[in-house]
Amino acid sequence: MSDAKTDRPLLEIKNLEKRFDLDQGFLETLKFKQGKFVRESRSVHAVNNISLEANRGEALCVVGESGCGKSTVARLVAGLLTPTAGEIHYGGQRIDNLSRGDMQPLRKKIQMIFQNPYASLNPRMTIRQALEEPVRHHYPSASAAEVRDKVTEVMLSVGVDPSWAKRYPHEFSGGQRQRIAIARALTVDPEFIIADEPISALDVSIQAQVLNLMLEAKESRGLTYLFITHDLSVVEHFGTRVAVLYLGSVCEVADTRTLFSSPKHPYTRALLSAVPQLKDDRPNHIRLKGEIPTPINLPTGCPFQSRCAFADARCKSEKPKAIHQPDGSTVACHAVEEDRLDAVAAG
Amino acid sequence: MSLLSVRDLTVKFAMRDQTVTALNGISFDLAKGERLGIVGESGAGKSITGFSLMNLLSRPGYIDSGQILFNGEDVVQMNDKRLRNLRGNRMAMIFQDPMVTLNPVLTIGQQMIETLMAHRKLSREEARQIAIVKLREVYIPSPEERLEQYPHELSGGMRQRIIIAIALLLDPQLIIADEPTTALDVTIQADIMELMLELCQSNQVGLILITHDLGVVSQMTERTLVMYAGRIIESGRTREIINDPQHPYTQGLINALPQQTVPGQRLKQIPGNMPGLASIPAGCAFNPRCKYATDLCRSRVPETVHYGEVEVACHEVQRLNSDEDRQEARA
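For clarity, every value in this text was computed on a predicted model and none was experimentally measured.

Trainee: What exactly am I supposed to notice about the sheet that holds strand S5 (residues 73-74) of chain B here?
Mentor: Strand pairs in the sheet, formed through backbone hydrogen bonds, run parallel or antiparallel to each other. Residues and elements named next belong to chain B. An order of S2-S1-S4-S5 is seen for the four strands of this open sheet, with the pairing classed as antiparallel. The open sheet has two free edges, formed respectively by strand S2 (19-30) and S5, since each of these has just one partner strand. One ladder, built from eight bridges, connects strand S1 (residues 4-14) with S2; its direction is antiparallel. If you follow Ala 14 over to S2, its bridge partner there is Thr 19.

Trainee: I'm lost on the sheet that holds strand S4 (residues 43-54) of chain A in this one. Help?
Mentor: All names here are of chain A. Sheet architecture is open: four strands sit in the order S4-S1-S6-S7, paired in antiparallel fashion. In the strand order of this sheet, the two ends are held by S4 and strand S7 (93-94), each with one partner. On top of the sheet, helix H2 (residues 70-77) reaches strand S1 (11-21), S4 and strand S6 (85-90); it is set at about 65 degrees to S4, its chief contact.

Trainee: Explain the nonpolar core to me, please; I cannot follow it from the model alone.
Mentor: Taken as a class, soluble globular proteins show a tendency for nonpolar side chains to be buried jointly. In this structure, Leu60(A) and Leu226(A) are the most contacted members of the largest nonpolar core, which totals 181 residues. Setting aside chain neighbours within four positions, we find Leu226(A) in contact with Leu11(A), Ala54(A), Leu60(A), Val62(A), Ala74(A), Val77(A) and Ile194(A).

Trainee: What is the right way to read helix H5 (residues 124-137) of chain B from this model?
Mentor: All names here are of chain B. Between the first and last C-alpha of H5 there are 20 Å, a value that for 14 residues agrees with the 20 Å anticipated at 1.5 Å per step. When H5 is considered as a whole, its buried residues turn out to be Ala 127, Ala 131, Lys 134 and Leu 135. What you see down the axis of H5 is that its buried residues fit within an arc of 100 degrees, all on one side. Exposed positions of H5 whose direction lies more than 90 degrees from the buried face are Glu 125 and Val 133. Buried positions along H5 lie against helix H4 (108-119), helix H6 (143-146) and helix H7 (156-168). Just past H5, the residue Tyr 139 takes up positive phi, approximately 60 degrees.

Trainee: Mind showing me how you'd approach the confidence of the model for chain B here?
Mentor: With 97% of its residues at a pLDDT of 70 or more, chain B shows a mean pLDDT of 90. The ipTM for the predicted assembly is 0.81, set against a pTM of 0.86.

Trainee: I keep staring at helix H7 (residues 204-221) of chain A and nothing clicks. Help me out?
Mentor: For an α-helix the count is 3.6 residues per turn, leaving residues at separations of three or four pointing the same way. Helix length check: H7(A), at 18 residues, gives a terminal C-alpha distance of 26 Å against a target of 26 Å (1.5 Å per residue), a fit within 8%. Taken residue by residue, H7(A) has Val204(A), Ser205(A), Ile206(A), Gln207(A), Ala208(A), Gln209(A), Val210(A), Leu211(A), Leu213(A), Met214(A) and Ala217(A) as its buried positions. Those residues of H7(A) hidden inside the fold are in contact with helix H6 (174-186) and helix H8 (232-238) of chain A together with helix H11 (248-255) of chain B. Of the residues flanking the end of H7(A), it is Gly222(A), one or two places downstream, whose phi is positive at about 60 degrees.

Quick notes on the rules
Within every chain, residues take consecutive numbers counted from 1 along the sequence as written. As they are written, the chains are lettered A onward and the ligands numbered 1 onward, keeping that order. Totals for whole chains, interfaces and linings use all residues, but because this is a predicted model, local features are given only for residues with pLDDT of at least 70 and pairs of side-chain atoms are given and counted only at 80 or more. One requirement defines pairing of two strands: DSSP has to find at least two bridges between them. A run of H or I in DSSP counts as a helix once it spans at least four residues, and a run of E counts as a strand once it spans at least two, with each numbered from the N terminus. A residue pair is marked as a contact if its C-beta atoms, positioned from the backbone, fall within 7 Å. Inter-axis angles, ranging from 0 to 180 degrees, are taken between N-to-C directions of lines fitted to C-alpha atoms, where helices are fitted over the stretch in contact. In these notes, a nonpolar core means any group of buried Ala, Val, Leu, Ile, Met, Phe, Trp, Tyr and Cys residues linked to one another through C-beta atoms within 7 Å. A residue is called partly exposed when the number of other C-beta atoms within 10 Å of its own lies between 12 and 20, exposed at 12 or fewer, and buried at 20 or more, with C-beta atoms placed from the backbone. Here a helix's expected span is defined as the number of its residues, less one, multiplied by 1.5 Å. Of all possible arcs, the one meant is that of the directions from the helix axis to the C-beta atoms. Confidence scores here are pLDDT values: one per residue, from the predictor, ranging 0 to 100.

Right, here's the structure in full:
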């Protein structure tokens, strides 16, 4: 993987925004206010001004709770959604405004794995048909024998017996089906894989099998991952860098080790403290007040201020910018910037 | 006398062409106010155990043999009237998905007041007051207003709190919680766990917590049962089971967790899958996935023996303990 572009990140996300309109038709946008009809449409602010980078060979994890926009980020990068604003660059090329045709060669490089392997395989196709389809599509000149060989090779590499190729998805367990979904992504030799909660639907012992498989594929194929998950212990194990999302904004980006050893943003700290620990039976979790606000009416200022114990007047009015820290992490928090956090904790 | 005593409970499912055994000779006890965890992967029989305790199994499932003694009275033999008195009143159940448990077309108040009036001789106003007290106990802000709201108007965490409040309405002696926090985010899960722990301790309510998450069990319970393919394979004090598991499956389950491995290294996976109920292997059900398995394991079901601090069903538990990897893992 030593080409000229290695000094630039493989994936660059710049000021990405995505809004989903709630009121779509003309009549839905009509509201009756103060004796007059006005046009007004509400929208869900799913992703707000996110900038992220992933270098080659990295596993960038995006974590956050439901509704924080992590899956929307994955879908935007995969080109399944069009951003409202902002840019996505892949290998130095802007990809968010490409036409379907221009996107084709990139689809081979960027593959996606979804959470539910039951839904991501066509129940009426045998495993062989499902695995051969992407190869045929992306390599139209490949002979039938070549396609067959490629599929057999990938099946072996993910631990699925090639003699099962004539079976249908329902004949496999959840873990095996997820292996097949991973095999399907690998058949076209991608360099970048977007995995949206790939192991959340699986049992603990099977999670380990699938995670090992993804780690092996990373080593042997030099893959880069964008890994979306809510499970912090998986992040600690799998990720090289982590971005913590809250209400569509990035709170903190750091190397995995830095994030887990010295989390800075108050939300990151609360999130880490909430993970049930195996060996320690004393929960020391930081209680957050209130609940996640709706992304329809975003709070002004810092998105986290309504639940943050350190919020002051500035947090309520001004949205914090991402600021680089001495240890290489990036944190968007006024309290961290003003060094108020640990002063309070110490005092 | 223990609050609950389950003896040799066997549950079967009559399928079209065969009858499969979902629970095979389950026995355990629960003291008053005790918190017990049941862990295992999907298909182990944890939820079936929960349903059986309330005699809630419906066809094709049925209790084939065994006893479930609750305060000395056998739940299996109870008639419908006695069961109605038992369910909700003395035993309550909390499920994973609060949206499915709550009736979407009734307000929270209607559902709570209805439950209270069905079991107790109360006026509507008295029932309303009790509902408000219970909602306050689970830290629901402005409970009077919540009573008028419908389930869809509330967040997931709030709904699960309301479910807990409903479970506590009639001051039961035992709560069976089947994956109560699995559908929730971690920060909300931590809140709900704290709340349940606090309520069980202050009201001396027994808790059976069914979950696949060993971290949750570790923080919530005093004793743990580990289930595999319809049997209890290991049981004992939670701390002992987490710190020094004896059965190879329990060891595998704990070692497979990402936090048990140096980041970036291969996780210690258990090979293979849990067998389906129709194809449980002969002998110890875990034998095809177990690296210690012998001919004995492949032919005879292991008895439960007392070993160290726990009860374990494994033929090879002694040999396994002298194993080098195991010594290493402990050190």
